[in-house]
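Listed here are the chains, written in short residue letters.
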Amino acid sequence: MKRGFWLYIIFVTAGSILLLISSYVGWFFVHLSRSLSPSGEQWGQFGDFFGGVLNPILSFITICILIKTSIYQEKHNSLLEQRERIKRFEDRFYGMIGQVKNNFDKLTINLNGEEKIDGKKILKVMEDAIFSNNQTEFMNTNGFKENIFPVVRQFYLLLKMLETEYARGDISDESILEYNLWLINSTDYDILRFVILSSYYYDTIQASKFIVGNKRFIDEVKRLGFEKYIEAIIKYKSM
């Protein structure tokens, strides 16, 4: 608890004691013009009076301290729980970014039944097919789509997790924008292009729809220089 709270309690307690003594002194020594009594019995009565009045005051102050302590402990526990949730979320978040990379690194496909190519070459072949010669028949086969889908789906699950945490209130407006920016900057350039190209080209698939429809993510991607890239994919799709 803050230092000011304890200073406040000390001042209130000391003030209560001084007020009680001052009231007693003012009443008997000033108003009634009494002098100090030599009688032990009267001093005992004074002690009973002093304790009888002061004890309820101190009890009330004690209750206030207990309530304040309880509220502080509850806030502290809530803060610890929130930090633990954020830590678990960030562990999953960065773990899933790593999983997207692993899926892309493992990505292989036999092109034309002969040449076996990896993710980077698959991306180049897709870009050449769309932006150069318009021969995209191989991209529409079920085998090709099934091979590249794990990367897109893993990225979709990552964005879905972000939106779920935001909807629950565990992520603020500012934080979700930061997480989207971290996601983009933490994802390899080739993987980001692969996800964007696949999402816009296969825009009827649920995972692709979610990625393309995620305004926060797409706006940030465009702001970082992918706007013309996206426009070119959309233009090809409309031909």
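Scroll up to find the structure.
Now for a look at the structure at hand. Nothing here was measured: the structure is a model prediction, and the numbers come from that model. (Residues numbered from 1 in each chain as written. Predicted model: local features only at pLDDT ≥ 70, side-chain atom pairs only at ≥ 80, totals over all residues. Heavy atoms only, no water.)

Our next topic: empty space enclosed by the protein. Scanning the model with the defined rule gives 1 cavity of 30 Å³ or more in all. One number sums up the size of the largest cavity: a volume of about 40 Å³. Surrounding the largest cavity, K145, I148, F149, V152, S198, Y202, I205 and S208 form its lining. Ranked by residue count, the leading element in the lining of the largest cavity is helix α4 (residues 142-168), at 4 residues. For the lining of the largest cavity, the per-class residue count stands at 5 nonpolar, 2 polar and 1 charged. (1 Å grid on protein atoms, 1.4 Å probe; cavity = no way out; pocket = protein on both sides within 12 Å on 5 of 7 lines; lining within 4 Å. Points joined across faces, edges and corners; volume = space filled by probe spheres on them. Helix = DSSP H or I, 4+ residues; strand = E, 2+ residues; numbered from the N terminus. Nonpolar A, V, L, I, M, F, W, Y, C, P; charged D, E, K, R; others polar.)

Before going further, it helps to spend a moment on a nonpolar patch on the surface. Nonpolar side chains collect at one region of the surface, where I63, I67 and I71 lie side by side and expose about 260 Å² of accessible area between them. Position of I63 relative to the elements: it lies in helix α2 (residues 40-106). Residue classification places I63 among the partly exposed residues on the basis of a relative accessible area of 46%. (Patch = residues over 30% accessible without salt bridge, like charges linked within 9 Å, V, L, I, M, F, W, Y side chains within 5 Å. Areas by Shrake-Rupley, 256 points an atom, 1.4 Å probe, with all protein chains shown as cover. Salt bridge = Lys/Arg side-chain N within 4 Å of Asp/Glu carboxyl O. Buried < 20%, exposed > 50% of the residue type's maximum accessible area, 1.4 Å probe, protein only.)

Attention shifts here to the nonpolar core. Ranked by internal contacts, the top residues of the largest apolar core, which has 50 residues, are F93, I122, M126, F155, F194, I196 and F217. Mapped onto this core, the elements with two or more residues apiece are α2, β1 (108-111), α3 (119-133), α4, α5 (173-186), α6 (189-201), α7 (206-213) and α8 (215-237). With sequence-adjacent residues up to four places away left out, I196 is seen in contact with V221, F226, Y229, I230 and I233. (Core = buried A, V, L, I, M, F, W, Y, C linked by side-chain atoms within 4.5 Å. Contact = heavy atoms within 4.5 Å.)

Attention now goes to the packing of aromatic side chains. For any two aromatic rings, the description comes down to two numbers: the centre-to-centre distance and the angle of the planes. Counted according to the given criterion, the structure contains 14 aromatic pairs. Measuring from centroid to centroid gives 5.1 Å for Y179 and W182, while their planes differ by 90°, and the two rings are edge-to-face. Placement of both Y179 and W182 in helix α5 is noted, with a separation of 3 residues, approximately one turn of the helix. Ring centres of Y201 and Y202 lie 4.8 Å apart, and the angle between their planes is 90°; on these two criteria the pair is classed as edge-to-face. Overall, Y201 belongs to the buried group, its relative accessible area being 6%. (Phe/Tyr/Trp six-rings, centres within 6.5 Å; stacked < 30°, edge-to-face > 60°.)

This brings us to the packing of α4 against α7. Helix packing geometry: the angle between the two helix axes and the distance between the axes. Two numbers describe how α4 lies on α7: the axes approach to 9 Å, and their chain directions differ by 50°. By the angle between their directions, the pair α4 and α7 is classed as oblique. Crossing handedness for the pair α4 and α7: left-handed. Facing F149, V152, R153, F155, Y156, L159, K160 and E163 of α4, the residues of α7 in contact are Q206, A207, S208, F210 and I211. Of the residues in the contact of α4 with α7, the class split is 8 nonpolar, 2 polar and 3 charged. (Axes fitted to C-alpha atoms, helices over the stretch in contact; angles between N-to-C directions. Parallel < 35°, antiparallel > 145°, perpendicular 65-115°, else oblique. Left-handed = near helix turned anticlockwise from the far one by under 90°.)

At a minimum axis distance of 10 Å, the contact between α6 and α8 shows a crossing angle of 50°. Relative to α8, the element α6 is oriented oblique. The way α6 lies across α8 gives a crossing that is right-handed. On α8, the residues touching Y189, L192, R193, I196, L197, Y200 and Y201 of α6 are F217, I218, V221, F226, Y229, I230, I233, I234, Y236 and K237. Residue classes in the contact of α6 with α8 are distributed as 15 nonpolar, no polar and 2 charged.

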